[in-house]
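Listed below are the residues making up each chain.
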Amino acid sequence: MTNTAVQEQQTLADLLPISDSANYWQHAACKGDPNHEAWFPFPSQDFDYARGICAGCPIRRECGEFATRTGQSGVWGGHEYDRGNRIRD
């Protein structure tokens, strides 16, 4: 299997960093979402798709806290972060 084929089969949950708990992301609304680009928008792009999924997520608050604590970039908990700093709501 080529690298491209492996990347195409990955889901967003596969790309998320590992937290202290192996089950932390188990209940994430984004788990299994194949639309990777939506979670890492360019500054000029909206992120309504990701924000909509985050709106109903049971670990939304924890996700945003994780992004801040670990310096993540992209959409976390319905907000956009750049190296752990919230830049867009």
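The structure we're discussing is the one just above.
Residues numbered from 1 in each chain as written. Predicted model: local features only at pLDDT ≥ 70, side-chain atom pairs only at ≥ 80, totals over all residues. Heavy atoms only, no water.

## Observations regarding the side chain of aspartate 33
To keep it simple, the criterion reads: In DSSP terms, a helix is any run of H or I states spanning at least four residues, a strand is any run of E spanning at least two, and both are numbered starting from the N terminus. Only protein chains enter the area calculation, which uses a 1.4 Å probe; residues under 20% of their type maximum are buried, those over 50% are exposed, and those in between are partly exposed. In this tally Asp and Glu are treated as negative and Lys and Arg as positive; neither His nor the chain ends contributes. Note on definitions: salt bridges are taken to be side-chain nitrogens of Lys or Arg within 4 Å of carboxyl oxygens of Asp or Glu. For this analysis, a polar contact is any N or O atom pair within 3.5 Å, provided that within protein one partner can donate a hydrogen and the other can accept it, and provided that sequence-adjacent residues contribute only side-chain to side-chain pairs.
Tracing the chain through its elements places aspartate 33 in the loop between helix 2 (12-15) and helix 3 (48-55). Notably, aspartate 33 is buried but unbridged: the nearest opposite-charge side chain belongs to lysine 31, and the N-O separation is 13 Å. At 2.7 Å, the side chain of aspartate 33 and the backbone nitrogen of asparagine 35 are in polar contact.

## Regarding the packing of aromatic side chains
To be explicit about the condition: Geometry of aromatic contacts follows a simple scheme: Phe, Tyr and Trp rings, the Trp one being its six-membered ring, pair when their centres are within 6.5 Å, and the pair is stacked under 30 degrees between planes, edge-to-face over 60, tilted otherwise. Charge over a ring is defined by NZ of Lys or CZ of Arg lying within 6 Å of the ring centre and within 35 degrees of the ring normal.
All told, the structure shown has one aromatic pair when counted by the stated rule. Both rings, one in phenylalanine 66 and one in tryptophan 76, keep their centres 5.9 Å apart while their planes meet at 45 degrees; by these two values the pair is tilted. Placement of phenylalanine 66 in helix 4 (residues 60-70) and of tryptophan 76 in strand 1 (residues 74-76) is noted, with a sequence separation of 10 residues between them. Look at phenylalanine 66 and you get buried, because its relative accessible area is 4%. Lying across the ring of phenylalanine 47, arginine 51 places its NZ or CZ 4.2 Å from the centre.

## A look at unusual backbone geometry
Positive phi, close to 50 degrees, is recorded for arginine 83, a residue that is not glycine. Along the chain, the position of arginine 83 falls in the loop between strand 2 (79-82) and strand 3 (85-88). By relative accessible area, arginine 83 is classed as exposed at 62%.

Purely spatial values, then, with no claim about function.
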